[in-house]
Every structure is written in structure tokens, then in C-alpha cells.
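Structure at a glance
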Amino acid sequence: MTRVSLSLLAPPLAVSRYSCASCCAAPIGVFWIAGIASLVYGGLGGPLRSGSVGWSVVGLGIVLWIAATAWALLTIQSVEDGKQRQSQNRRRGEYPTSPEAGADSDESDPLEEVRRLRREN
């Protein structure tokens, strides 16, 4: 399944599979489930229970489903763009490959400053 089709059918699953699950999968899931619940509730008649379809509730469900799908696609795209930018910067040497490589060597040790002040007094 492609990213777009999975985002249309199950947006939280698409985010957790193609992006980071901890980013937005839970709120996207809430929008998606609320959309499904609105579709079912509107199909059963909505708040009036008139026997016919509650189109305003169905419309709300469609809007919520579209919002979840768009949010999932934007999240997947932004994570992909971030990974691509990060790999390009690593190739150029702008990002350190390890945390130790990026440490500033000109910063002084705070404990050394305290020891020096104690010796002076």
C-alpha cells in the first residue's frame, strides 16, 4: 500500500508506519475515530433519529476524516523532509556525527571555576 492510500484509509497507521508514531499518531487517531463515529451516527439518523440520514453529522464526519488524512500526509512529508535535510547536512559536514564531536572545546568547566575561586580566597 502506498503512503497516500494508507493515509486515506487509516491515517494513524500511516503515520506510525511511515513517520514517527510518537509525533502525531494519537491526535490523528482521535480525529479519525471521531470521523468514523460521526459517519455511523449520522447514518443512523443523527441527534434527531428521524429515520433518515443526518447529513450535517455525516458532513462533520467527512470533514474530520479529511482533516486526519491531511494531517497524516503533512506529518509524513515533514518527517521525510527533515530526514533528507539532515542527511544532506551530514554529507556537507554541518552536523556532527556524534554528540562528542559537537561539544565546544572553548567552554570552561564550571567546577574548575569554583575550585579556582576557593584557592583565591
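As the structure is a prediction and not an experimental result, all values here were calculated from the model.

A closer look at helix α2 (residues 11-18)
- For α2, every residue scored as buried is listed here: Pro11, Pro12, Ala14 and Val15. Each buried residue of α2 sits inside an arc of 160° when the element is viewed along its axis, so together they form one side.

Observations regarding the pattern of salt bridges
- This structure, assessed with the given rule, holds three salt bridges.
- Glu112 is the salt-bridge partner of Arg119, the closest N and O atoms lying 3.2 Å from each other.
- Its relative accessible area of 60% is what places Arg119 among the exposed residues.
- For Glu120, the salt bridge is made with Arg116, and the minimal N-O distance between the two is 3.7 Å. Taken together, the positions of Glu120 and Arg116, both in helix α5 (residues 110-120) and four residues apart, correspond to about one turn of that helix.
- Classification of Arg116 as partly exposed rests on a relative accessible area of 40%.
- By sharing partners, the salt bridges in this structure join Glu112, Arg115 and Arg119 into a single network.

Describing the nonpolar core
- Formed by Ala10, Val15, Cys24, Ala25, Ile28, Trp32, Ala68 and Ala72, the largest nonpolar core amounts to eight residues.
- Counting only elements with at least two residues in this core, the list comes to α3 (21-43) and α4 (55-92).
- Ranked by residue count, the leading element in this core is α3, at four residues.
- Not counting residues up to four positions away in its chain, the partners in contact with Cys24 are Val15, Trp71 and Thr75.

Description of the environment of Ala21
- If you trace the backbone, Ala21 turns up in helix α3.
- Residue Ala21 is classed as partly exposed on the basis of its relative accessible area of 45%.

Quick word on the packing of aromatic side chains
- Taken as a whole, this structure holds two aromatic pairs when the rule is applied.
- Measuring from ring centre to ring centre gives 5.5 Å for Phe31 and Trp71, while their planes differ by 90°; the resulting arrangement is edge-to-face. With Phe31 in helix α3 and Trp71 in helix α4, this residue pair connects regions lying 40 residues apart in the sequence.
- Taking the relative accessible area as the measure of exposure, Phe31 reaches 33% and is therefore partly exposed.
- Between Trp32 and Trp65, the ring centres sit 6.2 Å apart and the planes meet at 85°, which makes this aromatic pair edge-to-face. Placement of Trp32 in helix α3 and of Trp65 in helix α4 is noted, with a sequence separation of 33 residues between them.
- Take Trp65: its relative accessible area is 24%, and that puts it in the partly exposed class.

Thresholds, definitions, all that
Residues numbered from 1 in each chain as written. Predicted model: local features only at pLDDT ≥ 70, side-chain atom pairs only at ≥ 80, totals over all residues. Heavy atoms only, no water. Buried < 20%, exposed > 50% of the residue type's maximum accessible area, 1.4 Å probe, protein only. Helix = DSSP H or I, 4+ residues; strand = E, 2+ residues; numbered from the N terminus. Arc of directions from axis to C-beta. Salt bridge = Lys/Arg side-chain N within 4 Å of Asp/Glu carboxyl O. Core = buried A, V, L, I, M, F, W, Y, C linked by side-chain atoms within 4.5 Å. Contact = heavy atoms within 4.5 Å. Phe/Tyr/Trp six-rings, centres within 6.5 Å; stacked < 30°, edge-to-face > 60°.

All quantities given are derived from atomic positions and should not be read as evidence of function.
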